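Residue-level listing of the chains:
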Amino acid sequence: LVDALQNNTSLKMLELGGNSAISKQGQILLLKLMNDISSIKATLQSNHTLECLSVEILDEDEEIQHIDNALKINALYATSSWSL
């Protein structure tokens, strides 16, 4: 799923509710998709289109908070005149 979303330019909302809780590794991969901070280039190439991600979570980990923050940034970017 993360691989498929890497080049996403149109999907703004993804509903994953009803699935079993996403594993820690899955959360980290989603975070890296949303905001890959491994390099400046990777950050610029991260998925900035996705604005809403609904998932079933058993324990709210730090990664989930970071994913939520990245989604908020994407939504703010979508409603502003900024460009990357």
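What you are looking at is a predicted structure, and each value in this text was computed from that prediction instead of being measured.

Enquirer: Tell me about the packing of helix α2 (residues 24-34) against helix α4 (residues 62-78), and name the residues and values.
Expert: With their axes 9 Å apart at the nearest point, α2 and α4 run at an angle of 25 degrees to one another. Regarding the angle of α2 to α4, the classification is roughly parallel. Viewed along their axes, α2 and α4 form a crossing whose handedness is left-handed. Mapping the contact onto sequence places Lys-24, Gln-27, Ile-28, Leu-30, Leu-31 and Met-34 in α2 and Glu-63, Ile-64, His-66, Ile-67, Ala-70, Leu-71 and Asn-74 in α4. Residue composition of the contact of α2 with α4, by class: 8 nonpolar, 3 polar and 2 charged.

Enquirer: Break down α4 for me, with residues and values.
Expert: For α4, spanning 17 residues, the distance from its first C-alpha to its last is 25 Å, which sits close to the expected 24 Å at 1.5 Å a residue. Along α4, the residues classified as buried are Glu-63, Ile-64, Ile-67, Ala-70, Leu-71 and Asn-74. Seen along its axis, α4 keeps its buried residues to an arc of 120 degrees; they face one direction. Opposite the buried face of α4, at more than 90 degrees from it, the exposed residues are Glu-62, Lys-72 and Ile-73. On its buried side, α4 packs onto α2 and β2 (52-54).

Enquirer: So what about the environment of Asn-69? Which residues, and what values?
Expert: Considering the arrangement of structural elements, one finds Asn-69 in helix α4. Using a relative accessible area of 32% as the deciding quantity, one classes Asn-69 as partly exposed. Expressed as a C-alpha distance, the spacing of Asn-69 and Leu-31, which sit 38 residues apart in the sequence, is 9.8 Å.

Enquirer: Requested: an account of the side chain of Thr-49, with residues and values cited.
Expert: Here Thr-49 is to be found in the loop between α3 (40-44) and β2. Looking at Thr-49, its side chain comes within polar contact range of the main-chain oxygen of Asn-8, at 3.4 Å. Excluding residues within four positions of it along the chain, Thr-49 makes contact with Asn-8, Thr-9, Ser-10, Leu-11, Lys-12 and Asn-74.

Criteria and cut-off values
- Residues numbered from 1 in each chain as written.
- Predicted model: local features only at pLDDT ≥ 70, side-chain atom pairs only at ≥ 80, totals over all residues.
- Heavy atoms only, no water.
- Axes fitted to C-alpha atoms, helices over the stretch in contact; angles between N-to-C directions.
- Helix = DSSP H or I, 4+ residues; strand = E, 2+ residues; numbered from the N terminus.
- Parallel < 35°, antiparallel > 145°, perpendicular 65-115°, else oblique.
- Left-handed = near helix turned anticlockwise from the far one by under 90°.
- Contact = heavy atoms within 4.5 Å.
- Nonpolar A, V, L, I, M, F, W, Y, C, P; charged D, E, K, R; others polar.
- Expected span 1.5 Å × (residues − 1).
- Buried < 20%, exposed > 50% of the residue type's maximum accessible area, 1.4 Å probe, protein only.
- Arc of directions from axis to C-beta.
- Polar contact = N/O pair within 3.5 Å; in protein donor to acceptor, adjacent residues only side chain to side chain.

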